[in-house]
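Spelled out, the chains give:
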Amino acid sequence: MTTSPDRRRSGADPGRQARTAGPGRPNRRDRHGRGLRGRLVPATVPLARTKAEIFDDLVLDTVEGLERQYAKELAGVEFAVEDVPPDLNVYDSDVLEDGEVPLARLLPGRPGRQELPPRIVLYRRPLEFRAMDREDLADLVHDVIIEQVANLLGMDPDELS
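Residues numbered from 1 in each chain as written. Predicted model: local features only at pLDDT ≥ 70, side-chain atom pairs only at ≥ 80, totals over all residues. Heavy atoms only, no water.

K.L.:
Explain a negative patch on the surface to me, please; I cannot follow it from the model alone.
P.N.:
Taken together, the side chains of Asp-133, Glu-135, Asp-136, Asp-139, Asp-143 and Glu-147 present a region of like negative charge at the surface. Its place among the elements puts Glu-147 in helix H4 (residues 134-153). Judged by its relative accessible area of 32%, Glu-147 falls in the partly exposed class. (Patch = residues over 30% accessible without salt bridge, like charges linked within 9 Å, V, L, I, M, F, W, Y side chains within 5 Å. Areas by Shrake-Rupley, 256 points an atom, 1.4 Å probe, with all protein chains shown as cover. Salt bridge = Lys/Arg side-chain N within 4 Å of Asp/Glu carboxyl O. Lys, Arg positive; Asp, Glu negative; His and termini not counted. Charge placed at Lys NZ, Arg CZ, Asp CG, Glu CD. Helix = DSSP H or I, 4+ residues; strand = E, 2+ residues; numbered from the N terminus. Buried < 20%, exposed > 50% of the residue type's maximum accessible area, 1.4 Å probe, protein only.)

Following this line, the structure appears as structure tokens:
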């Protein structure tokens, strides 16, 4: 079979039809023609959870345990997680630090006209950096939350543990 020079230059192949993008289809695929990849791990497998989700679960476990024992005292307290602490030159006494790095912060709240509830903020990345494994991280998160709640309630941290 011979092909004409015009056919080779145009790249047209009569046996192949050009793909057109339909509704909901992207115009281009990746260079191997497979399109976008789906999830690599099923959602039911623990590996599918991100570090942030795992950290949030550790915080929730500790907070739920404390709320069962001290429901009345912790009724209006908010717990939050931020990735990194804000960039400040000097931290107040309401910040729990390890050296110069803040691990958590207690915002006591303001009663009055613009009432703000007390808030405990944990900084995920500094805490993860100090832990060797997940069990160590769970212990560290527990200890930090206990210390901040004890400061809020004016108690000794050993009484809460």
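K.L.:
What should I look at first to understand the packing of helix H2 (residues 51-69) against H4 in this one?
P.N.:
The axes of two packed helices give the description: the angle between them and the distance between them. With their axes 10 Å apart at the nearest point, H2 and H4 run at an angle of 45° to one another. Classified by the angle their axes make, H2 and H4 are oblique. In terms of crossing hand, the pair formed by H2 and H4 is right-handed. Facing H2, whose interface residues are Ile-54, Phe-55, Leu-58, Val-59, Thr-62, Val-63 and Leu-66, H4 presents Arg-134, Leu-137, Ala-138, Val-141, His-142, Ile-145, Ile-146 and Val-149. Of the residues contributing to the contact of H2 with H4, the split by class is 12 nonpolar, two polar and one charged. (Axes fitted to C-alpha atoms, helices over the stretch in contact; angles between N-to-C directions. Parallel < 35°, antiparallel > 145°, perpendicular 65-115°, else oblique. Left-handed = near helix turned anticlockwise from the far one by under 90°. Contact = heavy atoms within 4.5 Å. Nonpolar A, V, L, I, M, F, W, Y, C, P; charged D, E, K, R; others polar.)

K.L.:
Before we go on, may I ask you to explain the pattern of salt bridges in this structure?
P.N.:
Side-chain pairs of opposite charge can arise whenever the charged atoms involved come near each other. Per the stated rule, a full pass over the model turns up three salt bridges. A salt bridge links Glu-78 to Arg-119; its shortest N-O distance comes to 3.7 Å. Separated by 41 residues along the polypeptide, Glu-78 in strand S1 (residues 78-82) and Arg-119 in strand S4 (residues 119-123) bring together distant segments of the chain. Taking the shortest distance from any N to any O, the salt bridge between Arg-124 and Glu-128 comes out at 3.0 Å. Within this pair, Arg-124 and its partner Glu-128 are both found in helix H3 (residues 124-130), separated by four residues, close to a single helical turn. Side by side, Arg-124 and Glu-128 carry an identical accessibility label, which is buried. Salt bridges here are not isolated pairs; linked through shared partners, they connect Asp-83, Arg-124 and Glu-128.

K.L.:
Explain H2 here, please?
P.N.:
Structural remark: α-helix, 3.6 residues per turn; residues separated by three or four positions point the same way. Compared with the 27 Å implied by 1.5 Å per residue over 19 residues, the 28 Å span of H2 between its first and last C-alpha is a close match. Of the positions making up H2, those classed as buried are Phe-55, Leu-58, Val-59, Thr-62, Val-63 and Leu-66. The buried residues of H2 occupy one face: seen down the axis, they fall within an arc of 120°. Of the surrounding elements, those touching the buried residues of H2 are S1, S4, H3, H4 and helix H5 (157-160). (Expected span 1.5 Å × (residues − 1). Arc of directions from axis to C-beta.)

K.L.:
What am I meant to see in the pairing of strand S3 (residues 101-107) here?
P.N.:
Along any regular strand, the residues point their side chains to alternate faces of the sheet. Counting buried positions along S3 gives five out of seven residues, so the element sits mostly inside the fold. Sheet analysis places strand S2 (residues 95-98) next to S3, joined by four bridges and oriented antiparallel. When the bridges of S3 are listed, Leu-96 appears paired with Ala-104. (Pairing = 2+ DSSP bridges.)

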